[in-house]
Amino acid sequence: MELDVGAALTGLAGGLIIGLAAALMLIANGRVAGCSGLYARALGLSREGAPRQGALAFMLGLPAGAALVAVVIGVESHFPTSLPLLVLAGLVVGFGTRLGSGCTSGHGVVGMARLSPRSLVATATFMATGIATATILRMTGWAA
Amino acid sequence: MGSVKAPTIVSAVSGILFGTGLAVSGMIDPARVRAFLDVGGAWDPTLAFVMGGALFPMALAWMFVGRRSRPLVESHFHLPPTRPIDLRLIGGAALFGIGWGLVGLCPGPAVAALAVHPGPALVFCSGMIAGFALFRRAADGAGRS
């Protein structure tokens, strides 16, 4: 494997911006920038969490920021074409993130940086099952 | 605008920055995320750089708030517990990882991708919202929020 230096650098730069976004949420609002929890809150599907107005503002901000980048420098994105696969994956992600109280942002970025034992275990777990799933899909040739 | 509160503006700015970072990093391309998870295939290490880049300012932020009694805008901190490690946490994270590996989308990029690939992103997000709702029903049934 050869390291794509350009991809590594833009990855690092994008990561820094994501970290700044989450740092702002913590320092100013005293809250965790966790996508799954904020979405559920914004959509009225969670009883606890941030005020709904703020959760909705965060959720709408994500596509706004991505649209900005798409217009200014362009964005590449390749989705699988199978609609049942997309629905199934979404369903499992939605249920799993609520059951496990977080996803890549809340556990993987904010909680890991806090060295929270819950987030360290959650991140190790979803990384492991994510790697296993992607590997099985390649080996079986399913959903390529 | 009188009813828009300061924490809402902070949340909006945070969301816009978050979406910007996801797009710049290339992580709203599910094919690349799946290529990161497929460690035995044509491995794409980008996600590791993204995580590393995000953890750095976030670790500084935790150090900063550790010395403060309240955040800058809201009146107090609203932080989740760091323990216990229970079956619910592990089971939820395990399920989430399976869904993540299936397509290469987690909640952040899925909603951000609505701006660049609205069709398939909306299909995924519909499933995800159904998953949220299903959990809410199950949790209500079990007497939890």
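Keep in mind the model is a prediction, meaning the values are calculated, not measured.

> So, the interface of chain B and chain A: which residues are in play, and what are the values?
Accessible area lost upon the coming together of the parts is a frequently used measure of interface size. On the side of chain A, 108 residues touch chain B, which itself brings 110 residues to the contact. Summed over both sides, the interface between chain B and chain A buries roughly 9,700 Å², with carbon and sulfur atoms accounting for 75% of that surface. Our count for the contact surface shared by chain B and chain A stands at 4 salt bridges. The residue A:Arg47 makes a salt bridge to B:Asp140 at a minimum N-O spacing of 3.2 Å. At 18 residues, helix H1 (residues 6–25) of chain B tops the list of elements feeding residues into the side of chain B that touches chain A. Here the side of chain B that touches chain A is built from residues that sort into 72 nonpolar, 26 polar and 12 charged.

> Please set out the nonpolar core residue by residue, giving values where relevant.
Ranked by internal contacts, the top residues of the largest apolar core, which has 70 residues, are A:Leu62, B:Met58 and B:Trp100. With residues up to four places along the chain from it excluded, the contact list for A:Leu62 reads A:Cys35, A:Tyr39, B:Gly15, B:Ile16, B:Phe18, B:Gly19, B:Leu22, B:Gly108, B:Val111 and B:Ala112.

> Help me get a handle on helix H1 (residues 5–29) of chain A, residues and values and all.
Residue and element names in this part refer to chain A. The end-to-end C-alpha separation of H1 is 36 Å, in line with the 36 Å expected for 25 residues at 1.5 Å each. Where H1 begins, the side chain of Asp4 points an oxygen toward the backbone nitrogen of Gly6, at a separation of 3.2 Å. Residue Gly30 follows H1 closely and has a positive phi angle near 70°.

> An account of the pattern of salt bridges is requested, with residue identities and associated values reported.
Within this structure, the stated rule accounts for 6 salt bridges over all chains. Two residues, B:Glu74 and A:Arg31, come together in a salt bridge whose shortest N-O distance is 3.0 Å. One end of the pair, B:Glu74, is in the loop between helix H3 (46–65) and helix H4 (87–103); the other, A:Arg31, is in the loop between H1 and helix H2 (35–42), on a second chain. Per residue, the accessibility class of B:Glu74 equals that of A:Arg31, and both read buried. Among the charged side chains, a salt-bridge network with shared partners connects A:Arg47, B:Arg136 and B:Asp140.

> Tell me about the packing of aromatic side chains, and name the residues and values.
This structure, assessed with the given rule, holds 6 aromatic pairs over all chains. Ring geometry for A:Phe126 versus B:Phe96: centroids 4.9 Å apart, planes at 65°, classification edge-to-face. With one member in each of two chains, A:Phe126 in helix H6 (residues 117–140) and B:Phe96 in helix H4 form a pair that bridges those chains. Neither A:Phe126 nor B:Phe96 differs from the other in exposure class; each is buried. Summarising the aromatic geometry, the rings of B:Phe96 and B:Trp100 are spaced 5.9 Å apart at their centres and angled 20° between planes, so their arrangement reads as stacked. On the criterion of helical spacing, the pair formed by B:Phe96 and B:Trp100 is a turn pair, its members being 4 residues apart in helix H4. Looking at B:Phe96, the relative accessible area reads 0%, which means it is buried. Given the relative accessible area of 1%, B:Trp100 is considered buried. Aromatic rings pair up to connect A:Phe126, B:Phe96 and B:Trp100 into one cluster.

What counts, and at which threshold
Residues numbered from 1 in each chain as written. Chains lettered and ligands numbered in written order. Predicted model: local features only at pLDDT ≥ 70, side-chain atom pairs only at ≥ 80, totals over all residues. Heavy atoms only, no water. Contact = heavy atoms within 4.5 Å. Buried area = accessible area lost by both parts, 1.4 Å probe. Salt bridge = Lys/Arg side-chain N within 4 Å of Asp/Glu carboxyl O. Helix = DSSP H or I, 4+ residues; strand = E, 2+ residues; numbered from the N terminus. Nonpolar A, V, L, I, M, F, W, Y, C, P; charged D, E, K, R; others polar. Core = buried A, V, L, I, M, F, W, Y, C linked by side-chain atoms within 4.5 Å. Buried < 20%, exposed > 50% of the residue type's maximum accessible area, 1.4 Å probe, protein only. Expected span 1.5 Å × (residues − 1). Polar contact = N/O pair within 3.5 Å; in protein donor to acceptor, adjacent residues only side chain to side chain. Phe/Tyr/Trp six-rings, centres within 6.5 Å; stacked < 30°, edge-to-face > 60°.

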